[in-house]
Amino acid sequence: MLPVIALVGRPNVGKSTLFNQLTRSRDALVADYPGLTRDRKYGEANLEGRTFVVIDTGGISGEEEGIDSHMAGQSLQAIEEADAVLFMVDAREGLNAADEALAAHLRQRNKQFHLVVNKIDGIDETLALSDFYRLGIDSMFGIAASHGRGVRSMIGQVLAAFPDEPEPDLLEEQPGSIRVAVVGRPNVGKSTLVNRLLGEERVVVYDQPGTTRDSIYINYCRGEKDYTLIDTAGVRRRKNVREVVEKFSIVKTLRAIDDAHVVVLVMDAHEGIVDQDLHLLGHCIEAGRGLVLAVNKWDGIEPEQRDWIRNELGRRLVFADYADIHYISALHGTGVGHLYKSIDAAYRAATRKLSTNQLTRILESAVADHAPPMVNGRRIKLRYAHAGGQNPPLIIIHGNQTGKVPPSYQRYLEKIYRRELELHGTPVRIEFRTAE
Ligand code: GDP
Ligand code: GDP
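Residues numbered from 1 in each chain as written. Chains lettered and ligands numbered in written order. Predicted model: local features only at pLDDT ≥ 70, side-chain atom pairs only at ≥ 80, totals over all residues.

1. Topic: the overall build of the protein
When you go through the protein residue by residue, the secondary structure sums to 14 helices and 19 strands. Evaluated residue by residue, the protein yields a buried proportion of 40% over its 436 residues. Taking the intrachain contacts of the protein between residues at least 6 apart in sequence as the baseline, contacts between residues at least 24 apart amount to 72%. (Helix = DSSP H or I, 4+ residues; strand = E, 2+ residues; numbered from the N terminus. Buried ≥ 20, exposed ≤ 12 C-beta atoms within 10 Å, placed from the backbone. Contact = placed C-beta atoms within 7 Å.)

Now the structure itself:
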């Protein structure tokens, strides 16, 4: 389970600075979701070997309008979505009325929260913290976000409260089941597609688990294969079709992606690819999951526009060119059955066992065809390769000066491995180790 940490506090206490500090190494994922979340900002962070989501709430303005109205909007929602809240204050300004009002408000919510006294660089930490004891918050950290000081140990302690492993029920109950997440922006047709995928003739749905998880996990079998569909749209939770459609939640979506073997990313043919699609796609790639792209509502596209749209999508999706693109109509069921072929292929590729022999042979032939460059008058030597993990396949290559392998050569190796091993539908990761 991916823990979610929200940053709240008055403007200028350093929330964005901390957010950037935490998500810096992965800023490809830092996403604004305009229209969905106003200016809440989500990022994925990786620290102390743990991955988590950070939400920057942008800022709750001064006390002049009354605390409820400040909290009412996006900050409140961020707090609701979060597992833990970091309540930030400014060491240099000391405690003020707005902080006290915020603290009171947070206390009413049943959430784990911590007081973070920021900007302790160049001042006496003990003295700075002492001013804030009055808030009566037991868990208190002094940090300097802009210097990164105290940040790691704080995150380590905050995350200690959350289990590191995926919740065991799913993995233990359905071993060997292919976990498929259906994700996408609101209204692209996820619910319709989920119903179609489950409603196919060959599908036997085992159960509709009443679950407290934020997505629904539905076990079923199709032909000989077991699947667990991770339904972010919450179709099966609704008792009847009239019930309100689930609210789109980015956190829920990110968790579903992380939990899946293969992600079906649904897009709307009428709207083309919008930023939110690209952010979700970025997350799929970063998470290393198998990927199938479903361009939905194809029924509404005029035949003479179809080639143009296909070309345009292909062009914009080049960085995920390992994924199959399907043009479907969830509404009419057209093309939906074909999705399974790609899902199965992506799963097979993502979880394939790769032998040291095979990987080394491919490496040798790739190097023979096209040697790595010289660095400081010495040629980079790549000696052997072995598998380092699955979903995504990780290939570890040993040699000399491997730190100097240029990105272009890394991409070349990736391409060769993908081709030789038929790793279709999954990203491939390559890591280098130096023997020197
Ligand atoms: P936000 O409005 O809460 O998101 O605050 P920002 O992250 O934009 O920071 C407000 C100001 O405080 C900026 O000028 C930052 O450079 C500064 N700042 C943030 N963290 C630190 C820190 O640890 N030490 C110092 N001295 N300044 C900081
Ligand atoms: P979700 O928010 O992603 O779960 O989207 P829904 O499944 O609720 O679909 C949103 C709207 O798009 C509904 O009005 C659906 O009837 C419609 N829709 C879904 N799939 C298709 C499709 O393949 N073709 C057309 N024309 N409309 C569709």
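2. Points about the site of ligand 2
Neighbouring residues of ligand 2: 17 residues in total, closest Gly189, Lys190, Ser191, Thr192 and Leu331. No other element matches helix α8 (residues 190-199), which puts three residues into the shell around ligand 2. Its residues assigned to classes, the shell around ligand 2 comprises six nonpolar, eight polar and three charged. (Near = placed C-beta within 6 Å. Nonpolar A, V, L, I, M, F, W, Y, C, P; charged D, E, K, R; others polar.)

3. Some points on the sheet that holds strand β11 (residues 225-231)
Spatial strand order, β9-β10-β11-β8-β12-β13-β14: seven strands in an open sheet with mixed pairing. Only two strands of the sheet have a single partner each, and these edge strands are β9 (203-205) and β14 (324-327). On average, adjacent strands in this sheet sit at an angle of 25 degrees to one another, irrespective of strand direction. For strand β8 (residues 178-183) and β11, the ladder comprises five bridges, and the chain directions are parallel. Paired with alanine 181 across the strands is isoleucine 230, a residue of β11. Sheet strands touched by helix α12 (residues 336-350): β8, β10 (216-222), β12 (262-268), β13 (290-296) and β14. Its angle to β13, the strand with the most contacts, is close to 160 degrees. (Pairing = 2+ DSSP bridges. Axes fitted to C-alpha atoms, helices over the stretch in contact; angles between N-to-C directions.)

4. Section: the site of ligand 1
Within the structure, ligand 1 sits among 16 residues, and Gly14, Lys15, Ser16, Thr17 and Ala144 are positioned closest to it. In the shell around ligand 1, the residues fall into four nonpolar, nine polar and three charged.

5. Regarding the pairing of strand β4 (residues 50-56)
Of all seven residues making up β4, five are buried, and the element is well covered by its neighbours. Sheet topology places strand β1 (residues 4-9) next to β4; four bridges connect them, and they run parallel. Looking at β4, one finds that leucine 7 is bridged to aspartate 56. Two elements, strand β3 (residues 41-47) and β4, share seven bridges in a ladder whose sense is antiparallel. Along β4, the bridge assignment pairs tyrosine 42 with isoleucine 55.

6. Quick word on the sheet that holds strand β19 (residues 429-434)
Pairing in this open sheet of three strands is mixed, and the strands run β17-β18-β19 from one edge to the other. One side of each edge strand has no neighbouring strand; the edge strands of this open sheet are β17 (381-389) and β19. Along the sheet, successive strands turn relative to each other by an average axial angle of 25 degrees, direction set aside. Alignment of strand β18 (residues 394-400) against β19, held across six bridges, turns out to be parallel. Looking across to β19, one finds that leucine 394 is bridged to arginine 429. In the packing of helix α13 (residues 356-369) onto the sheet, the strands contacted are β17 and β18, and the crossing angle to β17 comes to about 145 degrees.

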